[in-house]
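Survey of secondary and tertiary structure
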Amino acid sequence: MSEKPISALRRRMIEDMTVRNFVEKTRNDYIRHVRSVTAFLRRSPDTATPEDLRGFQLHQTQTGVRPPSINGSVAALRFFFTVTLDRPEMARHLTFVREPRKMPAVLSPEEVTRLLEAAPGPKYKAALSAAYAAGLRVSEVVALKVSDVDSDRMLLRIEQGKGRKDRYAMLSPKLLELLRDWYRIAGPAVWLFPGGDPMLPMSTRQFTRAVHAAAAMAEIKKRVTPHTLRHSFATHLIEQKTDVRLIQVLLGHAKLDTTALYTHVATNTIRAVLSPLDRLTPLIAKRPAPPT
């Protein structure tokens, strides 16, 4: 069975992304977004006009496409028109959508304990514990290799995390103990958390299913996702009065503003702040003592 031939335009866009060393996921996402505008136009996207792009974005909004997806298509189409087609004037007709920043859901320490205890098996208990103990993204957990565990320096090597950057994450003694227990059970050769095929890592989908199963088993009513463990890690460190700049390094955030979001959900820290009202002279007059 022969593969469907790739159009010259798509091949050129793929080459442009390859030259710029885009990761495979980004390349696939950009191609998908250009394919979407092609389907909307019902003709080749290189014939698009400013009015076509306006109509496409209006169509996305009216059909309920979420802001992150709209912004992803804007980035892809800006690249397509600016780089591949050399029509930079088209980029200004594509508008990013502002998305309200919502406070992330955070588990209490007691809820985290219940979640980890309810993990479906030792592999998932160790994997979920790694996400919480080191504040890792799901993509970083599943990509861990046995060689990434540095027990001498108590560090986890995170290879090519978000932004294609290497960094080190903390390795807590309890997490090391869980990882050693898992290693004694399964003896993974390369990937710390292998999937069904031991030569391949666990998929992010497998990890997500395990998180959902553990949350259901633990009877946690909040909406729990793999990223909830990372949010909880950062928030609990804020509540322990860990410097926000150190948390920024541990999370691998490029901007401090991103990390500072967790100060808004650290309830222990909020409760500990003394309101300026409480420093004022009492506003409530003392009532006279009742006559004897």
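What counts and what doesn't
- Residues numbered from 1 in each chain as written.
- Predicted model: local features only at pLDDT ≥ 70, side-chain atom pairs only at ≥ 80, totals over all residues.
- Heavy atoms only, no water.
- Helix = DSSP H or I, 4+ residues; strand = E, 2+ residues; numbered from the N terminus.
- Phe/Tyr/Trp six-rings, centres within 6.5 Å; stacked < 30°, edge-to-face > 60°.
- Buried < 20%, exposed > 50% of the residue type's maximum accessible area, 1.4 Å probe, protein only.
- Lys NZ or Arg CZ within 6 Å of the ring centre and 35° of its normal.
- Salt bridge = Lys/Arg side-chain N within 4 Å of Asp/Glu carboxyl O.

**Quick notes on the environment of Pro104**
- Within the secondary structure layout, Pro104 lies in the loop between helix H4 (67-84) and helix H5 (109-117).
- For Pro104 and His227, which are 123 residues apart along the polypeptide, the C-alpha to C-alpha distance reads 9.1 Å.

**Some details on the packing of aromatic side chains**
- Inspection of the entire model under this criterion finds five aromatic pairs.
- Each ring, one from Phe22 and one from Tyr30, has its centre 5.8 Å from the other, and the planes form 90 degrees; the classification is edge-to-face.
- Given a relative accessible area of 21%, Phe22 falls into the partly exposed group.
- With relative accessibility at 15%, the residue Tyr30 sits in the buried group.
- Lying over the aromatic face of Tyr168, Arg153 brings its terminal NZ or CZ to 5.1 Å of the ring centre.

**Side note on the pattern of salt bridges**
- All told, the structure shown has 13 salt bridges when counted by the stated rule.
- Measuring nitrogen to oxygen at the nearest pair gives 2.9 Å for the salt bridge that ties Asp29 to Lys25. On the criterion of helical spacing, the pair formed by Asp29 and Lys25 is a turn pair, its members being four residues apart in helix H2 (residues 24-41).
- Assessed through its relative accessible area of 59%, Lys25 is described here as exposed.
- One salt-bridge network, in which partners are shared between bridges, spans Lys25, Asp29 and Arg32.

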